[in-house]
Amino acid sequence: FQTGLLAGKKVVITAGPTREAIDPVRYISNHSSGKMGYALAEAAAEAGAHTLLISGPTQLPCPARVTRIDVVSAVDMFAASLREAADCDLFIASAAVADYRPREVAEQKIKKGEGESITLTLVKNPDIVAAVARLPQRPFTVGFAAESEHLVEYARRKLVRKKLDLVIANDITQPGIGFNSDNNAVTLVDAAGEQVIDQRSKTQLARELVTILAEKLAS
Ligand code: PMT
C-alpha cells in the first residue's frame, strides 16, 4: 500500500445510515454501522488524499487526518455531498441512504390511538450518488450496491441507471459480511467487466479498493 497514491486529490466519502424522522422521538433507519465508509476514509487519508467523510449517525471515531461532516437525514446528506463533490476528484457513496422518508414529520410525539393500525406515507429521497454523477464537472463516481440476489446483474443496472464509473457490489445475505460486520467481500462492476475480491477485513479491503481507484484515476 503506497502512502502517496492519492496525494493532491480531494476524496469525498458518504458513510453510515441515514435517519428519517417520523416525530421528535422516532425514525426510520437501517443497520449500517459506517465501518465500510470509515475504513475507506482512513485508507484514502493514508494514501495522502484530502479526505472528507460525510457521515450519518454512527458510533465510530473519526479516522486521523479525515474531516467529518455529520448529517442525520438523506436530505442533509444530499446537500453536504453536492456541496463537497463539486470540486472533488473521487466520490465514493458507501452510505446506506434511506430510499424514502415520511412525507410529514409530526411536531409532537404521535400518541397511541384506538385503532389497530396507522398509516405512514413515505416519499422518495433524492438519489445522492446519481446527482453527483450528473454534476457538470463530475468526479470519478463510485457507488455501492447492497444486494440480496442477482448481485452482478443488479449492480450493473445501478452502474447504468445512475451513470456511475464503478459499482462495488456486496451480497448482504451472506453471513459475516456487509452490514455491521468487520469483514466484507465485493465484486467490482464497471464498463470493462467484473473483479471479485474475496472476504477480508474492511480495513484491508478499503486499502485495496483505494489502490485500484487511484490507478483508475491516474489512467
Ligand atoms: O456501514 P457498514 O455496516 O460497514 O455496512 C456497509 C454497507 C453494507 C452499508 C456498504 O458496503 C454498502 O453496501 N453501502 C450501500 C448500501 C445501499 O444503500 O445500497 P443501495 O443498493 O440501496 O444503493 C446504491 C448506491 O446508491 C449506494 O452507493 C448508495 O450510497 C447510493 N444511494 C442510494 C440512495 C440514495 N437516495 N442516494 C444514494 O446516493
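Scoring rules and cut-offs
- Residues numbered from 1 in each chain as written.
- Predicted model: local features only at pLDDT ≥ 70, side-chain atom pairs only at ≥ 80, totals over all residues.
- UniProt positions renumbered as here; feature names shortened; annotations may be inferred.
- Helix = DSSP H or I, 4+ residues; strand = E, 2+ residues; numbered from the N terminus.
- Buried ≥ 20, exposed ≤ 12 C-beta atoms within 10 Å, placed from the backbone.
- Near = placed C-beta within 6 Å.
- Nonpolar A, V, L, I, M, F, W, Y, C, P; charged D, E, K, R; others polar.
- Axes fitted to C-alpha atoms, helices over the stretch in contact; angles between N-to-C directions.
- Parallel < 35°, antiparallel > 145°, perpendicular 65-115°, else oblique.
- Left-handed = near helix turned anticlockwise from the far one by under 90°.
- Contact = placed C-beta atoms within 7 Å.

(A) Structural detail: the UniProt feature "binding site: CTP" (unreviewed entry) in the protein. Mapped onto this structure's residue numbering, the UniProt feature "binding site: CTP" (unreviewed entry) falls at D99, K109, P126, D127, I128, V129, F144, K158 and K162. Spanning 64 residues, the named residues do not form one spatial group; their C-alpha atoms are separated by as much as 37.3 Å. Mapped onto the secondary structure, F144 falls in strand 9 (residues 140-147). A tally of 26 C-beta atoms within 10 Å means that F144 is categorised as buried.

(B) Region of the structure containing the site of the ligand. Near the ligand, the surroundings consist of 28 residues, among which S33, K35, A93, I128 and G143 are the closest. Of all the secondary structure elements, the ones that give two or more residues to the shell around the ligand are helix 1 (35-46), helix 3 (128-133) and strand 9. Element by element, the count of residues in the shell around the ligand is highest for strand 9, at four residues. For the shell around the ligand, the residue count by class is 13 nonpolar, eleven polar and four charged.

(C) View of the packing of helix 1 against helix 5 (residues 202-218). With their axes 8 Å apart at the nearest point, helix 1 and helix 5 run at an angle of 50 degrees to one another. Classed by the angle they form, the pair helix 1 and helix 5 counts as oblique. Judged by the twist between their axes, the crossing of helix 1 over helix 5 is right-handed. Contact with helix 1, carried on its side by K35, M36, A39, L40, E42, A43 and A44, involves K202, T203, A206, R207, L209 and V210 of helix 5 and no other residues of that element.

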